[in-house]
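In case you want the letters, here they are:
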Protein chains: 2
Amino acid sequence: MVSERAGNDAKSGQPASSVHLQARCMDLDTRGKPVAILRSDSPLCRAEGFSAHARIHLRSQHDEIIAELFQTGSELLGTDQIGLSIPAWRKLQVCDGDDLHIAHPRPLRSLAHVRGKVYGQPLKPDALEAIMSDIVRGRYDEIELAMFLTAIASRALDDDELVALTGSMVDVGDRLEWTQPMLMDKHCVGGLPGNRTTPIVVAIVAANGLAIPKTSSRAITSPAGTADTMEMLAPVNLGLSTMRRVVEAEGGCVVWGGSVRLSPVDDILIRVARVMDLDAEAQMVASVLSKKIAAGSTHLVLDVPIGKTAKVRSRADGHALARRMESTADAFGLVTRIVLTDGSQPVGRGIGPALEARDILAVLQGVDDQPLDLRERAADLAGELLEMGGAAPPGQGRALATQTLVSGAAWRKFQAICRAQGGLRTPPSAPAREVMTAADRGTVQGFDNRLLGRVAKLAGAPAAPAAGVELHVHLGDRVEQGAALYTIHAETRGELEYAREFAGRNGEIIQWEAR
Amino acid sequence: MVSERAGNDAKSGQPASSVHLQARCMDLDTRGKPVAILRSDSPLCRAEGFSAHARIHLRSQHDEIIAELFQTGSELLGTDQIGLSIPAWRKLQVCDGDDLHIAHPRPLRSLAHVRGKVYGQPLKPDALEAIMSDIVRGRYDEIELAMFLTAIASRALDDDELVALTGSMVDVGDRLEWTQPMLMDKHCVGGLPGNRTTPIVVAIVAANGLAIPKTSSRAITSPAGTADTMEMLAPVNLGLSTMRRVVEAEGGCVVWGGSVRLSPVDDILIRVARVMDLDAEAQMVASVLSKKIAAGSTHLVLDVPIGKTAKVRSRADGHALARRMESTADAFGLVTRIVLTDGSQPVGRGIGPALEARDILAVLQGVDDQPLDLRERAADLAGELLEMGGAAPPGQGRALATQTLVSGAAWRKFQAICRAQGGLRTPPSAPAREVMTAADRGTVQGFDNRLLGRVAKLAGAPAAPAAGVELHVHLGDRVEQGAALYTIHAETRGELEYAREFAGRNGEIIQWEAR
């Protein structure tokens, strides 16, 4: 089953020299990274010199990838076989024994543009197109992706570069077209734990007859993304046709953007940005807008929380980000309204997918002890969209939004949307919990949102969906010594201990003034 | 064999919660990266929440590492076992069945300093100490290393930062102490193919009674490092005691620096810098000087080739680099002399470990068709060291160096050094070759050193040591149509074809003027 081929197809962009081997699934979960394994004593691979290199180009009948290359001397793999990790296996869509074409990857020319940016040269549109095109084809490894993200964080993109980056991110993915003339959208730049207004806003806006087909992302550096939280209430991995059906029927949806291949480069970049815990302004703007533009949105309201420990730390920074968002959106004909909001403390009580989902249900159902701050925030943002879409006269949006919640119309609409997405779910509860208490009596003076997020992440969120932090106090609350400040929720004893230990060492998570 | 332990040793810096598993070698060569594999259905690992995370902390009786975590459902691994890749296995020094302590890695606090640098905050000495300390313990993964290297390439370090970086790189490794009062050293900042003067310089300097215990590195982005080339002539992976014995006996040596743990962080950074193909000035200066300072050198001559396609492109850049090198070296009491040399074309004929080794032998043996440019360059640099060390009066160093070559004293000393390092070797020859010829008659006007290096690398250098490029022409040579310009050497047919195809598409590798 082994055959050789000497090619000379430089013009076609295919590697020059290549061999064929049989695919073999190695049952190895490599967390999204394509990995291939060759026998170190395979004569053919030695003859072709694959063993001296770290990466390999693989092509099946269906797709092509660049995989990281490991070697083994184990006889579990034949010398005419190539072992594939589960992500490589899935991407190539092969079966055991299928013929796989392997070759040296071509030199990555677009990387010269990234290096140029590191040293201060601006990125031209064709350079960004080349980079995005290589990234979406899986040609950048993690080191190269980290270099790109660090370069654009360190050497801020100018307006032309940012428009070009956004446009090229849109271009390498799918683009949705809708029959509706207006498509509403909302986004929060994040950094504020628990600020999960989207499902409530979608319910309010759709209940008032406007179309709002919302695609959301999973967490980047936070303990939960909107998609992670919505998944606690309904399926979010919807294909394009299902998403269309939901929007046609109910006017709105909340689905994971990655499942519809809108700006797929964004998902690749986010995986690396998550490890780096680095939010580059340009990556943030392009990430948000490329998804919206690709989704076909026409009107966008953007929630920018401002707070010492939120993602945006001052109103000046907020205005600067708003200006970049608006000018970039404008280049693509997307009408955008920015709302600077209070980011001094978490919104609602829960931090983490399931805990946030419970807050959302409480607001939509209008229960007595609902988190009012979450309800107010959602009504503000929905009100802007109702005005932008003409469902409410100027100045009347907020009142209409509140009325839609009070009447139960939003809750009925939300249930209908969840049913259309595959069924309303009940969020899970965490089996392991620990209450963190006040060491002294006093008044709550501040929250470190980043540390709170870190506790929720160490407890397992978002991968462990029931994990997170449940807050019992807000700014200005008076607490007695020993009173409950927050509860850590975890799915496992080990994670609970891990988060608790970190929280114990960081007393500044909640600051208070003794009295 | 599975046991649990709940710890609360926050102050000791140990992870809070952990379990024990049996080590098992997976016979998987992961190119230096420690990888661990767990059974996805191991109840204990699920209970501890390891499955939700990408990295894991492992500790044996001998050492500790952070490993990348993969999962498998395969029954080849027991649920009470943890599979280790060969690099993880070697670092932990375990045997099959040995008890291994596994835990969640602690949050990487030093990364906050790296993020600060990305956004323009200077790196303080304690921040650099913390970063270097974490890197040397294997706590930074490739993404984080790439972020650090990109940050210091993009946001140039100031003099204080550079001294602190260099010092902290020295501090986290070993430091050699010698009985001799003066220790000579030389270094080339690279970027000029074939410029392999070190073994010749060491032989000349040692033959004149000065001590020159040379530690060299392997290739970063070039087709060969000095250690790669020297390895063609003698063993270079010498431990510290062997290196001392060689220097005591012969006054000089040429060994791989990595085998004596001088500035071990440098080797970790270089592996990532190699993929990035990015040479940050600060990394370059700290990399060079930390090795020299740790090696105990007192006098250093630095060869800085200047050329359009060399690493340093103009005399102005060369002077700037020289100033940074000198001021940083000065902070550590290292006397440094910088020599700006001609970097417009390769030195010698060979590019690649074995081909360069043949040039070195030709110069030392004084054969008729020796590459004179390599001989002149080596005599210049050795001459500086002979003057700095007082073996020659000012202005007389070069003449003494040439005399040492002509008399055969340098060749005798080199043979003695090689014998002391483990035996003189004969460089290998490449079985696959292709001669690249001139398309027209004309005069050679220029070389693209970077493209030449790329051809040698695509041919397999330095991993395939016989691979590389053999030049047949120099600047100003008149060539007829069809005349041989250079020969590509490869160890395999596939690599030869790969390099040839790249060379065919890049006619500008050698530029000439038609006549």
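Draft legend 1. Layout of the overall build of chain A. On a plain count of helices and strands, chain A comes out with 18 helices and 20 strands. The C-alpha radius of gyration computed for chain A amounts to 25 Å, which stays within 12% of the reference 24 Å derived for 515 residues, consistent with globular compactness. Principal-axis analysis of the C-alpha atoms places the extent of chain A at approximately 75 × 50 × 45 Å. For chain A, long-range pairs separated by at least 24 residues make up 78% of all intrachain contacts whose partners lie at least 6 apart in sequence. Summing over all exposed atoms, chain A offers an accessible surface of approximately 18,800 Å²; the carbon and sulfur share of this is 48%. The averaged location of the 63 negative side-chain charges in chain A is 1 Å from the averaged location of its 57 positive side-chain charges.

Draft legend 2. Molecular detail of the confidence of the model for chain A. Taken over all residues, the pLDDT of chain A has a mean of 89, while the share at 70 or more is 94%. Contacts of residues 1-16 of chain A to residues separated by more than four positions or lying in other chains number 39 contacts, the stretch itself having pLDDT below 50.

Draft legend 3. A look at the sheet that holds strand E17 (residues 468-471) of chain A. Residues and elements named next belong to chain A. Pairing in this open sheet of four strands is antiparallel, and the strands run E14-E17-E19-E15 from one edge to the other. A strand with exactly one partner marks an edge of an open sheet, and here the two such strands are strand E14 (350-351) and strand E15 (432-437). In terms of strand pairing, E17 meets strand E19 (residues 484-490) through four bridges, oriented antiparallel. By the bridge assignment for E19, Leu471 is matched with Tyr486. Of the strands in this sheet, E14, E17 and E19 are in contact with helix H17 (residues 449-458), which crosses E17 at around 130 degrees.

Draft legend 4. A look at the packing of helix H3 (residues 111-118) of chain A against helix H5 (residues 142-154) of chain A. All names here are of chain A. Running from N to C, H3 and H5 point in directions that differ by 40 degrees, and their axes come no closer than 9 Å. Every pair of crossing elements has a handedness; the one defined by H3 and H5 is left-handed. On H5, the residues that touch Leu111, Val114, Arg115, Lys117 and Val118 of H3 are Glu144, Met147, Phe148 and Ala151. A class-by-class count of the residues in the contact of H3 with H5 yields six nonpolar, no polar and three charged.

Draft legend 5. Seen up close, the environment of Phe332 of chain B. Residue and element names in this part refer to chain B. Tracing the backbone shows Phe332 in the loop between helix H12 (315-331) and strand E13 (335-342). For Phe332, a relative accessible area of 29% corresponds to the partly exposed category. Excluding anything up to four places from it in sequence, Phe332 contacts Val163, Thr166, Gly167 and Ile293.

Draft legend 6. Molecular detail of empty space enclosed by the protein. All names here are of chain B. This model, assessed by the stated rule, comprises one cavity of 30 Å³ or more. When its volume is computed, the largest cavity comes out at roughly 30 Å³. His57, Glu64, Ile65, Ile66, Arg137 and Arg139 together form the lining of the largest cavity. Considering every element that reaches the lining of the largest cavity, the biggest residue donor is strand E6 (residues 64-72), with three residues.

Draft legend 7. Region of interest: the pattern of salt bridges. Scanning all chains against the criterion turns up 55 salt bridges over all chains. In this structure, Asp185 of chain A and Lys214 of chain A form a salt bridge, with 3.6 Å as the shortest nitrogen-oxygen distance. Taken together, the positions of Asp185 of chain A in strand E9 (residues 184-188) and Lys214 of chain A in strand E10 (residues 212-216) put the pair 29 residues apart, joining distant regions of the chain. Note on Asp185 of chain A: relative accessible area 0%, which makes it buried. By relative accessible area, Lys214 of chain A is classed as buried at 2%. Residue Arg324 of chain B is joined to Asp159 of chain B by a salt bridge in which the shortest nitrogen-to-oxygen separation is 2.9 Å. Of the two residues, Arg324 of chain B sits in helix H12 while Asp159 of chain B sits in helix H6 (residues 159-171), which places them 165 residues apart along the sequence. On the accessibility criterion, Asp159 of chain B (29% relative accessible area) is partly exposed.

Draft legend 8. Region of the structure containing the pairing of strand E6 (residues 64-72) of chain A. All names here are of chain A. Counting buried positions over the nine residues of E6 gives eight, a clear majority of the element. Pairing between strand E4 (residues 35-39) and E6: five bridges, direction parallel. Following the sheet pairing, Arg39 is matched in E6 by Thr72. Pairing of strand E5 (residues 55-59) with E6, which is carried by five bridges, proceeds in the antiparallel orientation. For His57, the partnering residue across the bridge sits in E6 and is Ile66.

Draft legend 9. Region of the structure containing the packing of helix H7 (residues 198-207) of chain A against helix H14 (residues 372-388) of chain A. Residue and element names in this part refer to chain A. One way to put it is that H7 packs onto H14 with a least axis distance of 9 Å and a crossing angle of 45 degrees. What the angle tells us is that H7 and H14 run oblique. Between H7 and H14 lies a crossing of right-handed hand. Seen from H7, the contacting residues are Ile200, Val201, Ile204 and Val205; seen from H14, they are Leu374, Ala378, Leu381, Ala382, Leu385 and Leu386. Per-class residue counts for the contact of H7 with H14 are 10 nonpolar, no polar and no charged.

Procedures and definitions
Residues numbered from 1 in each chain as written. Chains lettered and ligands numbered in written order. Predicted model: local features only at pLDDT ≥ 70, side-chain atom pairs only at ≥ 80, totals over all residues. Heavy atoms only, no water. Helix = DSSP H or I, 4+ residues; strand = E, 2+ residues; numbered from the N terminus. Rg over C-alpha atoms; globule rule 2.2 N^0.38 Å. Contact = heavy atoms within 4.5 Å. Areas by Shrake-Rupley, 256 points an atom, 1.4 Å probe, with all protein chains shown as cover. Lys, Arg positive; Asp, Glu negative; His and termini not counted. Charge placed at Lys NZ, Arg CZ, Asp CG, Glu CD. pLDDT = per-residue confidence, 0-100. Pairing = 2+ DSSP bridges. Axes fitted to C-alpha atoms, helices over the stretch in contact; angles between N-to-C directions. Left-handed = near helix turned anticlockwise from the far one by under 90°. Nonpolar A, V, L, I, M, F, W, Y, C, P; charged D, E, K, R; others polar. Buried < 20%, exposed > 50% of the residue type's maximum accessible area, 1.4 Å probe, protein only. 1 Å grid on protein atoms, 1.4 Å probe; cavity = no way out; pocket = protein on both sides within 12 Å on 5 of 7 lines; lining within 4 Å. Points joined across faces, edges and corners; volume = space filled by probe spheres on them. Salt bridge = Lys/Arg side-chain N within 4 Å of Asp/Glu carboxyl O. Parallel < 35°, antiparallel > 145°, perpendicular 65-115°, else oblique.

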